[in-house]
Amino acid sequence: MNKFKFGMLSIVSAAAAVAAFGLGAQPKTIADGVYTEEQAAAGQPVFEERCSACHNADFYKTALSNRNNQPLVFLFEEILGTMPMDMPGSLMDEDYQNILAHILSITGFPAGEEPLDYYGGSMETVVIIPPES
Ligand code: HEC
C-alpha cells in the first residue's frame with residue numbers, strides 16, 4: 001500500500017516537472033532576467049548590513065557554481081532557513097528575496113521584467129547556472 005502511494009506520488013511530481021519545464025524545452029535559467037532592478041536595489045543595503053561581513057561576491061559565485069542545474073528555490077530556501085549564520089530567519093521574506101536579487105546582480109546575472117516571487121512559484125521553474133568568472 002505504501003509502495004503504491006509512493007509510486008503515485010512520483011508520477012505526479014514527474015508530471016509536474018514536465019509541465020514546469022515543457023517537453024524538451026530549455027528550462028529558464030538565472031541568466032534570463034528573473035529579478036527586477038528594484039529588487040536588487042532594495043536588497044543591497046540589507047545585504048551589506050547582514051551578509052557582507054561574512055561573504056564576498058566570489059563566495060556567491062562559488063555557491064552558484066556548486067548548485068549548477070538546481071532550481072533557484074533550493075538556494076533561496078537554504079538562505080531563508082540558515083542565514084544570516086548569527087541569526088537565521090531573522091529577516092522578512094521580502095528581504096531575503098531582495099537579497100537574492102542583489103546576489104544575482106553582483107554575480108553578473110541581468111535583471112528583467114518579472115520579479116523573483118517565492119510564493120508565486122517563480123523560483124521553482126528557474127535553474128541555476130554557473131556565473132562567468
Ligand atoms: C556571521 C557570519 C555569516 C553571516 C552574517 C552570513 N553568513 Fe552565510 N554562511 C556563513 C557560514 C559560516 C556558512 C557555511 C560555511 C561556508 O560555506 O562558508 C555560510 C553559508 C552560506 C551559503 C551557502 C554556501 C554554500 O555554497 O554552501 C550561502 C548562500 C550564504 N551563506 C548566504 C548568506 C546570506 C545571503 C547572508 C545574509 C542574509 C549570509 N549568508 C550571512 C556565515 C555567515
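Coordinates for the structure precede this section.
Residues numbered from 1 in each chain as written. Predicted model: local features only at pLDDT ≥ 70, side-chain atom pairs only at ≥ 80, totals over all residues.

Asks: Which parts of the structure should I look at to understand the overall build of the protein chain?
Replies: For the protein chain, the count of helices and strands is five helices and two strands. For the protein chain, the succession of helices and strands along the chain, N to C, is α-β-α-α-α-α-β. Across the 133 residues of the protein chain, 23% fall into the buried class. Contacts in the protein chain between residues at least 24 apart in sequence constitute 82% of all its contacts with a sequence separation of at least 6. (Helix = DSSP H or I, 4+ residues; strand = E, 2+ residues; numbered from the N terminus. Buried ≥ 20, exposed ≤ 12 C-beta atoms within 10 Å, placed from the backbone. Contact = placed C-beta atoms within 7 Å.)

Asks: Looking at this structure, how should I read helix H2 (residues 37-50)?
Replies: An α-helical turn contains 3.6 residues, so a residue and the one three or four places further along point in the same direction. Over its 14 residues, H2 extends 20 Å from the first C-alpha to the last, a length consistent with the 20 Å expected when each residue adds 1.5 Å. The largest bend along H2 measures about 35 degrees and falls at Gln44, with the proline Pro45 one to four residues further on. All of the buried residues along H2 are Gln39, Ala40, Gly43 and Phe47. Among the structural elements, helix H5 (93-106) are those in contact with the buried residues of H2. (Expected span 1.5 Å × (residues − 1). Bend = angle between axes of the 7 residues up to and from the residue.)

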